[in-house]
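Here are the chains, one letter per residue:
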Amino acid sequence: MDLAANLDSIQKRIAAACERGGRAPGEVTLLAVTKSQPPEIVKAAAELGLLLFGENKVQEAKAKIPLCPGKLRWHFIGHLQSNKCRDAVELFKMIQSVDSLSLAQEINKRAEQAARTMPVLIEVNVAGEASKFGYQPEQLLAELKKLNALPRIEIHGLMTVPPWSPEAEKARPHFRRLHEIKAQCEQILGARLPHLSMGMSGDFEIAIEEGATMVRIGTALFGLRAKTKPRAEAD
Ligand SMILES: *Cc1c(COP(=O)(O)O)cnc(C)c1O
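Residues numbered from 1 in each chain as written. Predicted model: local features only at pLDDT ≥ 70, side-chain atom pairs only at ≥ 80, totals over all residues. Heavy atoms only, no water.

**Q** Run through the site of the ligand, naming residues and quoting values.
**A** Surrounding the ligand, one finds Val33, Lys35, Ile77, Val161, Met200, Ser201, Arg216, Ile217, Gly218, Thr219 and Arg225. At 2.8 Å, a backbone N or O of glycine 218 approaches an oxygen atom of the ligand. Compared with its free state, where it exposes 390 Å², the ligand has 88% of that area covered by protein. Grouping the constituent residues of the shell around the ligand by class yields five nonpolar, three polar and three charged. (Near = heavy atom within 4 Å. Polar contact = N/O pair within 3.5 Å; in protein donor to acceptor, adjacent residues only side chain to side chain. Areas by Shrake-Rupley, 256 points an atom, 1.4 Å probe, with all protein chains shown as cover. Nonpolar A, V, L, I, M, F, W, Y, C, P; charged D, E, K, R; others polar.)

The following block contains the structure:
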């Protein structure tokens, strides 16, 4: 694995996708997904200038983050259980995967106890997949004002993981839909939501063409991960 070469290639592909999508290159942030990668890999990525990292399990992050350079910013991108909110509020700068009002309420409570506010993204299940976490779009629109009223939560935008497909183009309508839902949310709130977190190793260029401001990339940077546990066992 040649991390420097991978990063260089991804940055060029991000720049080219920005060009095609009529976006300014600075509009898209690369979040390096380090789940199942050791702290040494994080350190190597940090030495190449990466500052923003993502983890999807609180337990793993709690062990790893203290072993990594202190200047890094960490976002939580996995399914969050309410009994892990206290740790998540301590470890992460942003929680990208808020998928219910009850979870938002618990984060709000823990953030208050920690005397901070918590930036979040709302995860949307754009295709209504039964196997996936995330708000159904209609339910999000119905509950958005309640979410926004939580004083310790700051909604910065939306996140999605579209249905898996070997053909990246298949993700395009889902990314477009998330962009539309963001516009509907902005209308309801009467405020701009700056972030759309969408696009992973296989489809980030299409996500950028459709308006992504954050792409979450693991495999294309670090190579294949060791097999992870099935979702039901994950924390
Ligand atoms: C693992 C993961 C990613 C990165 O996936 P790759 O295909 O390895 O780039 C992005 N987002 C979420 C929510 C993930 O769990």
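On we go.
**Q** Provide a residue-level description of the environment of alanine 4, including the pertinent values.
**A** Along the chain, alanine 4 turns up in helix α1 (residues 3-21). Separated by 218 residues in the primary sequence, alanine 4 and phenylalanine 222 place their C-alpha atoms 10.0 Å from one another. (Helix = DSSP H or I, 4+ residues; strand = E, 2+ residues; numbered from the N terminus.)

**Q** How would you summarise the pattern of salt bridges if you had to cite specific residues and measurements?
**A** On inspection of all chains with the given rule, the structure shows 17 salt bridges. A salt bridge links glutamate 47 to lysine 43, with the nearest nitrogen and oxygen atoms 3.8 Å apart. Highlighted residues: glutamate 47 and lysine 43, both in helix α2 (residues 39-47), separated by four residues, approximately one helical turn. For lysine 43, a relative accessible area of 45% puts it in the partly exposed group. With its nearest N and O atoms 2.8 Å apart, the salt bridge here joins lysine 64 to glutamate 55. Here lysine 64 matches glutamate 55 in class, with each residue buried. Look at the salt bridges and you will find they share partners, linking Arg20, Glu169, Arg172, Arg176, Glu209 and Glu210 into a network. (Salt bridge = Lys/Arg side-chain N within 4 Å of Asp/Glu carboxyl O. Buried < 20%, exposed > 50% of the residue type's maximum accessible area, 1.4 Å probe, protein only.)

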